[in-house]
Amino acid sequence: MTRPLIFAANWKMHHGPAETRRFAERFLALNALAENRRLWFFPAAVSIATLAEAFRARRDVAVGAQNVHWEPKGAYTGGISIPMVMEVGARLTLVGHSERRHLFGETDEQVARKTRAALAAGMTPLVCVGETLAERDGGRTEQVIVRQIGAVRQTLDPGDWARVVLAYEPVWAIGTGKNATPDDAAQIHELIRMDLGRNGVTVRFPILYGGSVNTGNVASLLTRPQIDGVLVGGASLDPDKWAELVETGSRAKVRPSGGFTSVE
Ligand code: PGA
């Protein structure tokens, strides 16, 4: 078994159902199923059902929510629950994306609660961590990453990690056109593995890189053995560009053997 590469598209607040249908039609015409990769899509909540339906025949594709509440129901105006998004076809959810943390004030504690709730419901959480520019310039990158991961770790049993996926997304690289160098990204991925290892967690789950990934830099990032896939915003919105990025990235390297525990 080879480790599949993961190409995750975070559409943020773009593409309602009609646009999603158009995207899917075009993308399916350009992209064929390949066993050595997984394609994950995180559309707006209102487009989850449309996307799940459009890709129903593609077992390499999974659809996820961008955000969920930790409670299954209740008086949380504007909230959306895990059972709701699962009902319309989501099998994954982003948790703690930097825009949720920094624009909506989501805390480490809330990120941990959402991660736990997703796992309890049988969903795969894709937990995002990353430092801001000020934190990086202040030499606090390691401290921030360890703190963010630690908050999640404290609420999980070591065995729960078999079903988690992480993304390292430096905040200064998101939507800025400035990606972390493959060396920098690989180094942080290594730090995450070491930190979890020190705390009794065996890392047999994927760690993705995100932040200004595009067709030009995807191959150099994915040639690093520490980087198991990419989480892509801007460059995933156009079906032609996304198909090209996926193809370019897929050619980057032959994956070492050994499967992930968390990727179907
Ligand atoms: P970007 O966004 O690819 O547009 O930088 C990445 C993300 O926010 O997940």
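Above this text sits the structure in question.
Summarised in this report is the structure supplied together with it.

Cut-offs and rules
- Residue positions are counted from 1 within each chain, in the order its sequence is given.
- Reporting of local features is limited, given that this is a predicted model, to residues whose pLDDT is at least 70; pairs of side-chain atoms are given and counted only at 80 or more, and all residues count toward the totals for whole chains, interfaces and linings.
- Side-chain numbers come from the whole structure's heavy atoms, not from hydrogens or water.
- Elements are defined by DSSP. Helices are runs of H or I of four residues or more, strands are runs of E of two residues or more, and each kind is numbered from the N terminus.
- Relative accessibility thresholds used throughout: buried, under 20% of the residue-type maximum; exposed, over 50%; partly exposed, between the two (1.4 Å probe, protein chains only).
- Note on terminology: a nonpolar core comprises buried Ala, Val, Leu, Ile, Met, Phe, Trp, Tyr and Cys residues joined through side-chain atoms within 4.5 Å.
- Should any heavy atoms of two residues lie within 4.5 Å, those residues are counted as being in contact.
- The salt bridge criterion pairs a side-chain nitrogen of Lys or Arg with a carboxyl oxygen of Asp or Glu, the two atoms within 4 Å.
- The pairing criterion for strands is at least two bridges between them, as found by DSSP.
- For helices, the fitted line uses only the C-alpha atoms of the stretch in contact; every axis is such a line through C-alpha atoms, and the angle between N-to-C directions lies from 0 to 180 degrees.

## Considering the environment of L5
Working step 1: One can find L5 in strand 1 (residues 5–10).
Working step 2: On the basis of relative accessible area, L5 is assigned to the buried category, the value being 3%.
Working step 3: The sequence separation of L5 and N36 amounts to 31 residues, and the corresponding C-alpha distance is 6.4 Å.

## Concerning the nonpolar core
Working step 1: Core analysis: the biggest nonpolar cluster contains 62 residues, and F7, F41, W161, L166, I192 and W242 have the highest contact counts within it.
Working step 2: Considering every element that reaches this core, the biggest residue donor is helix 8 (residues 182–198), with five residues.
Working step 3: For L166, the contacting residues outside a window of four places in its chain are L126, V127, I149, W161, I192, L196, F205, P206, I207 and L208.
Working step 4: If you look at the next biggest cluster of nonpolar residues, it comprises 15 residues, including A62, L92, C128 and A167.

## Remarks on the pattern of salt bridges
Working step 1: Overall, the coordinates contain 18 salt bridges when judged by the stated rule.
Working step 2: Note that K114 and E106 form a salt bridge whose closest N and O atoms lie 2.8 Å from each other. Comparing K114 with E106, the two get one shared label, buried.
Working step 3: For E109, the salt bridge is made with R113, and the minimal N-O distance between the two is 3.7 Å. Residue E109 and its partner R113 are both found in helix 5 (residues 108–121); the two are separated by four residues, about one turn of the helix.

## Considerations on the sheet that holds strand 2 (residues 37–42)
Working step 1: Pairing is parallel around the closed barrel formed by eight strands, whose spatial order is 1-2-3-4-5-6-7-8. Neighbouring strand axes in the sheet, compared pairwise and without regard to direction, differ in orientation by 25° on average.
Working step 2: Bridge count between strand 6 (residues 165–168) and strand 7 (residues 207–210): three bridges; the pairing is parallel. Looking at the pairing, Y168 lines up with Y209 of strand 7.
Working step 3: On the sheet, helix 5 packs against strand 4 (92–95) and strand 5 (124–129) and is oriented at approximately 160° with respect to strand 5.

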